[in-house]
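Tertiary structure, described
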Amino acid sequence: MYYHLLPLPFSLIVIILYTIARTKLDMKKTQILQPTMTSLALLIGLLSLFHPNANTGFSLWIIGGLAFSLAADLVHIDMRKDNILMIGILMFTVAYLIYPIGMTVYNGFHEQDLYVGIVLFIIYIASIAYLWPGLGTFKIPAMIYGLVCPFMVSRAISTFFGDAFTMTQSIMLVAGTALLYIGDLEYAVHRFRKPLPFLSGHICYGVGQVLMALSPSYFSGA
């Protein structure tokens with residue numbers, strides 16, 4: 001019943017090792033650890049299919065997002081290279097659209113979404129305005145990707161307003177999408193405005209994926 005929890009300890013260990021490798025700019029280890037980290041999250045999502053309370057359809061949406069993230073990880077290792085970063089932005093744009101579409105299919109839209117959307121849109125405008133002077137050839141990709149991420153978070157927050165998901169799932173989905181978004185914002189600042197000595201976004205990415213992967217296993221009665 002709780003098979004989805006079996007890979008969790010290994011996921012946490014790999015997230016720590018991945019963060020250390022990224023911080024040390026050890027690309028050889030990162031090349032192994034990054035797809036391994038996402039593969040473990042994908043395994044957690046796949047194991048949700050065996051939970052008696054799982055919604056197979058929603059599990060497949062989460063699995064799809066994680067699978068596309070894994071594909072992106074395989075080509076998105078050395079983000080210091082412009083061409084690699086551009087490919088990563090394009091692929092993660094697709095991955096981060098799969099999650100919110102899946103949530104919306106089951107949760108729909110609610111009146112409160114308008115207010116959440118306004119707040120997140122203001123954050124989007126402010127972040128693009130701050131990053132704009134250093135974006136260079138990444139202006140259009142950053143504007144598109146920068147809009148997808150808060151959209152993903154807004155759809156996760158919307159799960160609190162419907163009855164399709166449990167409170168546990170809503171917390172996981174909001175925390176997971178928010179961590180992915182925060183990690184990307186931090187890296188954008190590091191890459192386009194001001195180099196940072198340590199990026200917590202590496203941890204955000206790993207933990208965010210794990211939370212997304214766990215969410216399908218906690219429907220009502222789980």
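Our subject in this report is the structure included herewith. (Residues numbered from 1 in each chain as written. Predicted model: local features only at pLDDT ≥ 70, side-chain atom pairs only at ≥ 80, totals over all residues. Heavy atoms only, no water.)

Viewed as axis vectors pointing N to C, helix H6 (residues 139-158) and helix H7 (residues 167-192) meet at an angle of 160°, and their least axial separation amounts to 8 Å. Regarding the angle of H6 to H7, the classification is roughly antiparallel. In the crossing of H6 with H7, the sense of the turn from one axis to the other is left-handed. Where H6 approaches H7, its residues Tyr 145, Gly 146, Cys 149, Pro 150, Met 152, Val 153, Ala 156 and Ile 157 are matched on the opposing element by Leu 173, Val 174, Thr 177, Ala 178, Leu 180, Tyr 181 and Asp 184. (Axes fitted to C-alpha atoms, helices over the stretch in contact; angles between N-to-C directions. Helix = DSSP H or I, 4+ residues; strand = E, 2+ residues; numbered from the N terminus. Parallel < 35°, antiparallel > 145°, perpendicular 65-115°, else oblique. Left-handed = near helix turned anticlockwise from the far one by under 90°. Contact = heavy atoms within 4.5 Å.)

With that settled, the discussion passes to the packing of helix H5 (residues 112-135) against H7. It is at 9 Å that the axes of H5 and H7 come closest, and there the two elements cross at 25°. Here H5 is positioned roughly parallel relative to H7, judged by the angle of their axes. When the axes of H5 and H7 are compared, the crossing they make is left-handed. Where H5 approaches H7, its residues Ile 123, Tyr 124, Ser 127, Tyr 130, Leu 131, Gly 134 and Leu 135 are matched on the opposing element by Tyr 181, Leu 185, Ala 188, Val 189 and Phe 192. When grouped by side-chain class, the residues that make up the contact of H5 with H7 number 10 nonpolar, 2 polar and no charged. (Nonpolar A, V, L, I, M, F, W, Y, C, P; charged D, E, K, R; others polar.)

With that settled, the discussion passes to the packing of aromatic side chains. Overall, the coordinates contain 10 aromatic pairs when judged by the stated rule. Measuring from ring centre to ring centre gives 4.9 Å for Phe 58 and Phe 165, while their planes differ by 65°; the resulting arrangement is edge-to-face. With Phe 58 in helix H3 (residues 56-75) and Phe 165 in the loop between H6 and H7, the pair connects residues that are 107 residues apart, well separated along the chain. Here Phe 58 matches Phe 165 in class, with each residue buried. Site record: aromatic cluster; members linked through ring pairs are Phe 92, Tyr 96, Tyr 99, Tyr 145 and Tyr 205. Its guanidinium or amino end placed over the ring of Trp 132, Lys 139 lies 5.1 Å from that ring's centre, counting from NZ or CZ. (Phe/Tyr/Trp six-rings, centres within 6.5 Å; stacked < 30°, edge-to-face > 60°. Buried < 20%, exposed > 50% of the residue type's maximum accessible area, 1.4 Å probe, protein only. Lys NZ or Arg CZ within 6 Å of the ring centre and 35° of its normal.)

A few words on a nonpolar patch on the surface. A surface patch of nonpolar side chains, amounting to about 680 Å² of accessible area, comprises Tyr 3, Leu 6, Leu 43, Leu 46, Leu 49, Phe 50 and Leu 60. With respect to the element layout, Leu 46 can be found in helix H2 (residues 27-47). (Patch = residues over 30% accessible without salt bridge, like charges linked within 9 Å, V, L, I, M, F, W, Y side chains within 5 Å. Areas by Shrake-Rupley, 256 points an atom, 1.4 Å probe, with all protein chains shown as cover. Salt bridge = Lys/Arg side-chain N within 4 Å of Asp/Glu carboxyl O.)

Scanning the model with the defined rule gives 2 salt bridges in all. Among the ionic pairs, Asp 82 bridges to Arg 191, the shortest N-O distance being 2.2 Å. Within this pair, whereas Asp 82 is found in helix H4 (residues 82-107), its partner Arg 191 is found in helix H7, the two being separated by 109 residues in sequence. Residue class for Asp 82 comes out partly exposed when judged on its relative accessible area of 41%.

Here we come to unusual backbone geometry. The backbone of Leu 25 sits at a positive phi, close to 55°, despite the residue not being glycine. Following the sequence through the fold, Leu 25 ends up in the loop between helix H1 (8-23) and H2.

This next bit is on the environment of Thr 93. Here Thr 93 shows up in helix H4. The class of Thr 93 is buried, set by a relative accessible area of 13%. Along the sequence, Thr 93 and Ser 69 sit 24 residues apart, while their C-alpha atoms lie 9.6 Å from each other. Not counting residues within four places of it along the chain, the set of residues in contact with Thr 93 comprises Ile 144, Tyr 145 and Val 148. Here Ile 89 takes part through its backbone oxygen, which lies 2.6 Å from a polar atom of the side chain of Thr 93. (Polar contact = N/O pair within 3.5 Å; in protein donor to acceptor, adjacent residues only side chain to side chain.)

Here we come to the nonpolar core. Ranked by internal contacts, the top residues of the largest apolar core, which has 53 residues, are Tyr 96 and Tyr 99. Of all elements in the fold, only H1, H2, H3, H4, H5, H6, H7 and helix H8 (201-214) reach the threshold of two or more residues within this core. Ranked by the residues each element gives to this core, the list is headed by H7, at 8 residues. The residues contacting Tyr 99, other than those within four sequence positions of it, are Ile 62, Gly 65, Leu 66, Ser 69, Met 152, Leu 180 and Met 212. (Core = buried A, V, L, I, M, F, W, Y, C linked by side-chain atoms within 4.5 Å.)

None of this, on its own, says anything about what the molecule does.
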